[in-house]
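Residue-level listing of the chains:
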Amino acid sequence: MREEVELLRVGEVELYVEDTGPLGAPALAVVHGGPGGSSYLLREGFGEALEDYRVIYFDQRGSGRSPELPPEPHLFTIDALVEDLEGLREELNIESWGLIAHDFGAVPALEYARRFPDRISHVLLIAPWVHFPKLARQLAKAAGVIDPPEGFEALEAALRAGDPKLLFDQLFFPTQHGRLELEWQLEGGPWGSDRPAQMMVLNGLWELDYTPFLLRHPRPPSVLVGEVDGSSYPEQAEFVADLTSGTLEVIPQAGHYPWIDQPAIFLELLLEHLSLQI
């Protein structure tokens with residue numbers, strides 16, 4: 001399979017890019033979660049399932065295998081991520097593409113589709129996060145906080161009561177096997193700096209409620225979510241599907257990484273929804 005790996009200059013930053021698959025095939029860009037993180041986990045999860053598409057895996061600015069950026073909040077905004085996506089499309093000379101996004105990546109993907117609907121064939125979201133005050137509240141509940149608030153106050157309450165990794169693990173994983181599988185994959189791949197997350201927090205990430213922008217969205221997405229993903233289902237995923245008139249597929253016995261918990265069902269649904277739209 002064709003694969004080109006490079007650091008590509010896009011505006012003010014360089015992005016690590018893996019351009020894979022037939023050049024003439026329908027194009028997809030994979031928008032990983034975080035903030036921070038890497039496209040590595042998603043490529044591992046997809047395997048060869050998307051071999052009939054031209055798939056662009058990239059690490060967002062300052063994340064994963066992309067060069068680090070200075071600790072300046074203005075460099076880490078949703079607007080900047082959206083502009084990077086459009087700059088990447090232009091640099092690769094792709095007329096239009098579909099977007100596949102995971103957790104935090106749902107926000108820049110949806111915002112890109114809202115601003116550039118003519119450049120989008122489809123949006124497919126996996127375990128989306130669009131309402132961060134409610135996500136903070138779920139973390140506080142996982143920490144045992146009774147009747148927690150929303151937003152940064154909920155996050156502070158959660159962090160006072162428990163270790164953040166353990167709290168996220170509690171929301172993410174239906175089984176110990178899933179957690180161990182993810183940690184094994186992370187040991188073999190890049191993760192990068194936590195600076196993007198820190199800067200996004202300074203920019204008010206935990207107060208971000210994107211749901212008002214979902215009304216009358218020009219590209220209703222497909223949403224795939226694990227039945228026992230406490231971070232995204234039911235609230236976050238249902239917000240997206242209901243407010244955009246999109247479609248929602250709930251994967252039984254799967255958590256935040258459904259390609260780990262239920263790989264066969266996940267890949268079947270992924271290909272089904274892509275084939276309907278692209």
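Everything here concerns the structure above.
Quick caveat: nothing in here was measured; it's all calculated off a predicted structure.

### Thoughts on helix α9 (residues 235-244)
Along α9, the residues classified as buried are Gln 236, Ala 237, Val 240, Ala 241 and Thr 244. In a view along the axis of α9, the buried residues occupy a sector of 125°, so they form one face of it. Those residues of α9 hidden inside the fold are in contact with β6 (120-126), α4 (132-142), β7 (222-226) and β8 (247-251). Remark: Ser 245 follows α9 within two positions and exhibits a positive phi of approximately 60°.

### A word on the nonpolar core
In globular proteins that are soluble, nonpolar side chains generally tend to be buried together. Counting residues in hydrophobic clusters, the biggest one holds 84 residues, and the most contacted among them are Phe 46, Leu 50, Leu 88, Trp 97, Ile 100, Ile 126 and Leu 270. Beyond its immediate stretch of four places on either side in the chain, Leu 88 contacts Leu 8, Val 10, Val 17, Ile 56, Phe 58 and Trp 97.

### Focus: the environment of Arg 9
By secondary structure assignment, the location of Arg 9 is in strand β1 (residues 3-10). What makes Arg 9 partly exposed here is its relative accessible area of 44%. The spacing of Arg 9 and Glu 90 is 81 residues in sequence and 11 Å in space, taken between C-alpha atoms. Contacts of Arg 9, omitting those with residues within four sequence positions, involve Glu 14 and Glu 91.

Reading the values: the criteria
- Residues numbered from 1 in each chain as written.
- Predicted model: local features only at pLDDT ≥ 70, side-chain atom pairs only at ≥ 80, totals over all residues.
- Heavy atoms only, no water.
- Buried < 20%, exposed > 50% of the residue type's maximum accessible area, 1.4 Å probe, protein only.
- Helix = DSSP H or I, 4+ residues; strand = E, 2+ residues; numbered from the N terminus.
- Arc of directions from axis to C-beta.
- Contact = heavy atoms within 4.5 Å.
- Core = buried A, V, L, I, M, F, W, Y, C linked by side-chain atoms within 4.5 Å.

Keep in mind these numbers describe shape, not what the thing actually does.
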